[in-house]
Amino acid sequence: MPESISSKSRPLLPRLLPQRKSFSPAEVRQRLMVPRADHPRTAAVHAAAALTSVWSSRLPDRLAFDMGRTATRLPSVVLWFRQGLPAQEIGRRLSTFGGAWDAEHALDVAATLIADTLNHGEWAELAA
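Cut-off values and rules
- Residues numbered from 1 in each chain as written.
- Predicted model: local features only at pLDDT ≥ 70, side-chain atom pairs only at ≥ 80, totals over all residues.
- Heavy atoms only, no water.
- Helix = DSSP H or I, 4+ residues; strand = E, 2+ residues; numbered from the N terminus.
- Buried < 20%, exposed > 50% of the residue type's maximum accessible area, 1.4 Å probe, protein only.
- Contact = heavy atoms within 4.5 Å.
- Areas by Shrake-Rupley, 256 points an atom, 1.4 Å probe, with all protein chains shown as cover.
- Core = buried A, V, L, I, M, F, W, Y, C linked by side-chain atoms within 4.5 Å.
- Axes fitted to C-alpha atoms, helices over the stretch in contact; angles between N-to-C directions.
- Parallel < 35°, antiparallel > 145°, perpendicular 65-115°, else oblique.
- Nonpolar A, V, L, I, M, F, W, Y, C, P; charged D, E, K, R; others polar.
- Phe/Tyr/Trp six-rings, centres within 6.5 Å; stacked < 30°, edge-to-face > 60°.
- Lys NZ or Arg CZ within 6 Å of the ring centre and 35° of its normal.
- Salt bridge = Lys/Arg side-chain N within 4 Å of Asp/Glu carboxyl O.
- Polar contact = N/O pair within 3.5 Å; in protein donor to acceptor, adjacent residues only side chain to side chain.

1. Structural notes on the overall build of the chain
Thinking step 1. A count of helical and extended segments in the chain gives eight helices and zero strands.
Thinking step 2. Traced from its N-terminal end to its C-terminal end, the chain shows the element sequence α-α-α-α-α-α-α-α.
Thinking step 3. Here the chain holds 128 residues, and the buried ones make up 34% of them.
Thinking step 4. By sequence separation, contacts in the chain at least 24 residues apart represent 55% of the contacts at least 6 residues apart.
Thinking step 5. In the structure as shown, the chain presents an accessible area of about 8,600 Å², 58% of it carried by carbon and sulfur atoms.

2. A word on the nonpolar core
Thinking step 1. Val28, Leu74, Ile114 and Leu118 are the most contacted members of the largest nonpolar core, which totals 29 residues.
Thinking step 2. At the level of elements, helix H2 (25-32), helix H3 (40-50), helix H6 (74-82), helix H7 (87-94) and helix H8 (100-127) are the ones that each hand at least two residues to this core.

3. Considering the packing of H2 against H3
Two numbers describe a pair of packed helices, the interaxial angle and the distance between the axes.
Thinking step 1. Two numbers describe how H2 lies on H3: the axes approach to 9 Å, and their chain directions differ by 90°. When the axis of H2 is compared with that of H3, the two are roughly perpendicular. Of H3, the residues touching H2 (which contributes Glu27, Val28, Arg31 and Leu32) are Arg41, Thr42, Val45, His46 and Ala49.
Thinking step 2. Of the residues contributing to the contact of H2 with H3, the split by class is four nonpolar, two polar and three charged.

4. Side note on the packing of aromatic side chains
Both the distance between ring centres and the angle between the ring planes are used here to describe each pair of aromatic rings.
Thinking step 1. Per the counting criterion, the structure on display carries zero aromatic pairs.
Thinking step 2. Over the ring of Phe23 we find Arg41; its NZ or CZ atom is 3.9 Å from the centre of that ring.

5. Quick notes on the environment of Ala110
Thinking step 1. Turning to its location among the elements, Ala110 is positioned in helix H8.
Thinking step 2. Judged by relative accessible area, which is 1%, Ala110 ranks as buried.

6. Let's talk about the pattern of salt bridges
Thinking step 1. Following the criterion strictly, the structure yields nine salt bridges and no others.
Thinking step 2. Between Arg58 and Asp116 there is a salt bridge whose closest N-O contact spans 2.9 Å. Remark: Asp116 occurs in helix H8 and Arg58 occurs in the loop between helix H4 (52-56) and helix H5 (61-67); sequence separation between them is 58 residues.
Thinking step 3. For Arg58, a relative accessible area of 26% gives the class partly exposed.
Thinking step 4. For Asp116, a relative accessible area of 26% translates into the label partly exposed.
Thinking step 5. One salt bridge in this structure joins Arg92 and Glu89, with 2.7 Å as the shortest N-O distance.

7. Here's the deal with the side chain of Arg41
Thinking step 1. Assignment of secondary structure puts Arg41 in helix H3.
Thinking step 2. Look at Arg41 and you get buried, because its relative accessible area is 19%.
Thinking step 3. In this structure the side chain of Arg41 is engaged in a polar contact, spanning 3.1 Å, whose partner is the backbone oxygen of Lys21.
Thinking step 4. Leave out the neighbours within four places in its chain, and Arg41 touches Lys21, Ser22, Phe23, Glu27 and Arg31.

8. Structural notes on the environment of Pro25
Thinking step 1. Secondary-structure assignment places Pro25 in helix H2.
Thinking step 2. Taking the C-alpha atoms as reference points, Pro25 and Leu113, 88 residues apart in sequence, are found 8.1 Å from one another.

If you want it as structure tokens, here you go:
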């Protein structure tokens, strides 16, 4: 039986263009700890993290509701993380009964939002 031939051409552009490696939340967290932004990807992460209104506006309403007051403090969490504070101390600063888990969760959310910002093409403008 002959193969059917479609008149629809497949888009060639995505296959011809080099695929850039996307940013993961783990990479964002790693690069946030690098003091100097000598590498272009580190520079992009630092630039994106500094523009808190860009990445924090990506926080879904439901997640913000679930996180409570911590949702509005994500930029502070990133700053404290960059300053080298331990997770236990960050969690304590978030709430009276906060601990390392609270800090790790907030950092995961912030790193995911920053990675999402970078992966949606905004990183080129941020690194410039």
